[in-house]
Amino acid sequence: MRPLFAQIDLAAVRHNHAFAKRCAPGRQVFAVVKANAYGHGVREVVTALHDEADGFAVASLEEGAEVRAMHDGARILLLEGCFEAGEYAVAARLRIDVVVQGVEQAEALLASRLPAPLNVWLKLDSGMHRLGFDADALRAWHPRLAQADQVAELNLMSHFACSDERNHPLTEAQLEQFLGLLDLDFAQRSLANSAAVMTLPAAHMDWIRPGIMLYGATPFAELSAAELGLKPAMSLNAQLIAVRDVAAGESVGYGAGWVAARPSRIGTVSCGYADGYPRNAPAGTPAIIRGQRAPLAGRVCMDLLMVDLTDLPEAGVGDAVELWGAQLPVDEIALACGTVGYELLTKVTARVPRRYRS
Ligand SMILES: Cc1ncc(COP(=O)(O)O)c(C=O)c1O
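Quick caveat: nothing in here was measured; it's all calculated off a predicted structure.

Participant: So what exactly am I meant to see when it comes to the overall build of the protein here?
Facilitator: For the protein, the helix and strand inventory stands at 12 helices and 18 strands. Considered along the principal axes of its C-alpha atoms, the protein spans approximately 75 × 40 × 35 Å. Counting all 358 residues of the protein, 55% fall into the buried class. Taking all contacts inside the protein whose residues are at least 6 apart in sequence as the whole, residues at least 24 apart take part in 65%. When the accessible area of the protein is evaluated, it comes to approximately 15100 Å², of which 51% is carbon and sulfur surface. Put simply, the protein has 32 plus and 41 minus side-chain charges, and the middle of one group is 5 Å from the middle of the other.

See the structure below:
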């Protein structure tokens, strides 16, 4: 068997979920489990949170149906709403709350014949300009939806664009936009993603929507997951499968771009970009071997990558290699690659087996 797996620590997910709840006492939680629970496995994460979560948030009806099959009682929120008119009846049958984020969705909902009315979350475009009604349009739609037979609860939600940057002026402006609509009658309100859960109590409302924090990564550039008290849920574990000596002046890997500046020991690791490890990880990006950092040498290949073991003389074939996880924050690798932990976690490919620790 190829020595590569993602170790998923479900106790860490539960710890992080409990932490989110403690940040927003008395509020309910939609645990965001879209994109296969950010790569961690939606079935296992929903099962791990079965007795703790009030609800789950997903990106598609297919994801919602998968969650419903595992949890009969949880509230489920379809974050982008329905993509086709026929989905409203399916959502009603599955008892899934739907976001209504635009005119086309609102009209399709009002034209639907449903087996039961739906809980609807009207989405305010409070400044991100991705999805949602502006405040005036939302005020105009509110009475139509509030009176509609298709609607059970009418709720309000919005999403922050910059809550990952502390004290960003747009966050305050978005919060004000949201608060400015609360003279309207809504049964429930929801605004806070992970960053706002941890730093913006005024945005907690009735339901928080933490995603990345559940998986133990940070939404902030300047605050690490460990500083926040989060526990990493995924470790990407590979192995050294070959070791060789390379003379000074010899190159390593595709493109021959990495050249040994001294006589070097090069280790080859059983993970590559087809597993989701970023191909653009630069030379020097760390991996953990025997508790120590070894820098990447040469370009990441499809199934393999190479590390410089010159300063780790005791390392040898068969040694475990942690590419990110408990000893090396995924956020650090993401930063080295010009991206965010979200992308690395969600991009671990299906061929990487997930092993679960509960
Ligand atoms: C609408 C919405 N709410 C909540 C979240 C969770 O955000 P985070 O993972 O930053 O907590 C997302 C994630 O992208 C989202 O799109």
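Next comes the rest of the write-up.
Participant: Before we go on, may I ask you to explain the site of the ligand in this structure?
Facilitator: Taken together, 13 residues sit near the ligand, with Lys34, Tyr38, Ser194, Ile212 and Tyr342 positioned nearest. Within the contact set of the ligand, an oxygen atom lies 2.6 Å away from a side-chain nitrogen or oxygen of Tyr38. One nitrogen or oxygen atom from the side chain of Tyr342 is found 2.6 Å from an oxygen atom belonging to the ligand. Alone, the ligand offers 390 Å² of accessible surface; in the complex the protein occludes 91% of this. When its residues are assigned to classes, the shell around the ligand shows 6 nonpolar, 4 polar and 3 charged.

Participant: Would you take a moment to explain the nonpolar core for this structure?
Facilitator: For soluble globular proteins, nonpolar side chains are generally found buried alongside one another. Counting 118 residues, the largest nonpolar core has Val33, Tyr277, Val307 and Trp324 as its most contacted members. Considering every element that reaches this core, the biggest residue donor is helix α1 (residues 10-23), with 5 residues. The residues that make up this core include at least three from each of domain 1 (10-217) and domain 2 (234-357). For Tyr277, the contacting residues outside a window of four places in its chain are Cys271, Gly272, Thr285, Leu296, Val300, Leu305, Leu323, Trp324 and Ile333. Membership of the second largest hydrophobic core comes to 8 residues, among which are Trp258, Ala260, Ala297 and Met306.

Participant: Would you mind going over unusual backbone geometry with me for this structure?
Facilitator: One can expect most non-glycine residues to show negative phi and most peptide bonds to be in trans. A positive phi angle, near 60°, is found at His129, a position not held by glycine. A positive phi angle, close to 50°, is found at Ala256, a residue other than glycine. Following the sequence through the fold, Ala256 ends up in the loop between β11 (251-252) and β12 (258-259). Overall, the relative accessible area of 39% leaves Ala256 in the partly exposed class.

Participant: It is not clear to me how the domain arrangement of the protein should be interpreted in this structure. Could you clarify?
Facilitator: One frequent convention defines the size of an interface as the accessible area lost when the parts assemble. Domain assignment breaks the protein into domain 1 (10-217) and domain 2 (234-357). Of note, the centres of domain 1 and domain 2, computed from C-alpha atoms alone, are 37 Å apart. Buried area between domain 1 and domain 2, both sides added, is near 910 Å², and the carbon and sulfur share of it is 63%. When the buried area of domain 1 at its contact with domain 2 is split by residue, Tyr38, His40 and Ile212 rank highest and sum to 44% of it. In this structure, the connection of domain 1 to domain 2 is made through 0 salt bridges. Taken together, domain 1 and domain 2 are joined by 4 residue pairs in polar contact (both at pLDDT 80 or more). Contributing elements (two or more residues each) for the side of domain 1 that touches domain 2: α1 and α2 (34-38). Classifying every residue of the side of domain 1 that touches domain 2 gives 7 nonpolar, 3 polar and 1 charged.

Calculation notes
- Residues numbered from 1 in each chain as written.
- Predicted model: local features only at pLDDT ≥ 70, side-chain atom pairs only at ≥ 80, totals over all residues.
- Heavy atoms only, no water.
- Helix = DSSP H or I, 4+ residues; strand = E, 2+ residues; numbered from the N terminus.
- Buried < 20%, exposed > 50% of the residue type's maximum accessible area, 1.4 Å probe, protein only.
- Contact = heavy atoms within 4.5 Å.
- Areas by Shrake-Rupley, 256 points an atom, 1.4 Å probe, with all protein chains shown as cover.
- Lys, Arg positive; Asp, Glu negative; His and termini not counted.
- Charge placed at Lys NZ, Arg CZ, Asp CG, Glu CD.
- Near = heavy atom within 4 Å.
- Polar contact = N/O pair within 3.5 Å; in protein donor to acceptor, adjacent residues only side chain to side chain.
- Nonpolar A, V, L, I, M, F, W, Y, C, P; charged D, E, K, R; others polar.
- Core = buried A, V, L, I, M, F, W, Y, C linked by side-chain atoms within 4.5 Å.
- Domains from an automatic or database assignment.
- Buried area = accessible area lost by both parts, 1.4 Å probe.
- Salt bridge = Lys/Arg side-chain N within 4 Å of Asp/Glu carboxyl O.

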